[in-house]
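# Structure assessment
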Amino acid sequence: MSTEKVLAAMQAAGKPMKAGEIAEAAGLDKKDVDKAMKVLKAEEKIVSPKRCFWEPK
């Protein structure tokens, strides 16, 4: 599933990222990243330190 790829890309970056940056880093389509991030938010695995930026918890 793409949630693992998204989380891995965010952890590798080591800084808060926008969805577009995550898509580029993970090699995924932005729509897939948005879906994966929705799941990760629900599972409380990612947090937003500032608007439109996300990082692993």
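Here goes a summary of the coordinates provided. Since this is a predicted model, take the numbers as computed values, not measurements.

Moving on to the overall build of the protein chain. Counting secondary structure elements, the protein chain contains three helices and two strands. For the protein chain, the α and β elements follow one another from N to C terminus as α-α-α-β-β. Against the compact-globule benchmark of 10 Å for 57 residues, the protein chain has a radius of gyration of 10 Å, which places it among compact chains. Taken along the three principal axes of its C-alpha coordinates, the protein chain extends 25 × 20 × 20 Å. Counting the 57 residues in the protein chain, one finds 33% classified as buried.

Its location among the elements puts Thr3 in helix H1 (residues 2–13). Taking relative accessible area as the criterion, Thr3 reaches 10% and is therefore assigned buried. Residues contacting Thr3, with those up to four places away along its chain left out, are Ala36, Val39 and Leu40.

This brings us to the packing of H1 against helix H2 (residues 19–26). With their axes 9 Å apart at the nearest point, H1 and H2 run at an angle of 100° to one another. Viewed along their axes, H1 and H2 adopt a mutual orientation that is roughly perpendicular. For the pair formed by H1 and H2, the contact residues are Lys5, Val6, Ala9 and Met10 on the first element and Ile22, Ala25 and Ala26 on the second.

Examined bridge by bridge, strand E1 (residues 46–50) and strand E2 (residues 53–56) share three bridges and lie antiparallel to one another. Its bridge partner lying in E2, Lys50 is registered against Phe53. Connecting the antiparallel pair E1 and E2 is a turn made up of two residues, with Cys52 showing a positive phi of about 75°.

Take the packing of H2 against helix H3 (residues 30–42) next. Packing of H2 against H3 leaves a shortest axis separation of 9 Å and a crossing angle of 110°. Judged by the inter-axis angle, H2 sits roughly perpendicular to H3. Within the contact between the two elements, H2 uses Ala19, Gly20, Ile22 and Ala23 and H3 uses Lys30, Val33, Asp34 and Met37. Split by residue class, the contact of H2 with H3 holds five nonpolar, one polar and two charged.

Parameters at a glance
Residues numbered from 1 in each chain as written. Predicted model: local features only at pLDDT ≥ 70, side-chain atom pairs only at ≥ 80, totals over all residues. Heavy atoms only, no water. Helix = DSSP H or I, 4+ residues; strand = E, 2+ residues; numbered from the N terminus. Rg over C-alpha atoms; globule rule 2.2 N^0.38 Å. Buried < 20%, exposed > 50% of the residue type's maximum accessible area, 1.4 Å probe, protein only. Contact = heavy atoms within 4.5 Å. Axes fitted to C-alpha atoms, helices over the stretch in contact; angles between N-to-C directions. Parallel < 35°, antiparallel > 145°, perpendicular 65-115°, else oblique. Pairing = 2+ DSSP bridges. Nonpolar A, V, L, I, M, F, W, Y, C, P; charged D, E, K, R; others polar.

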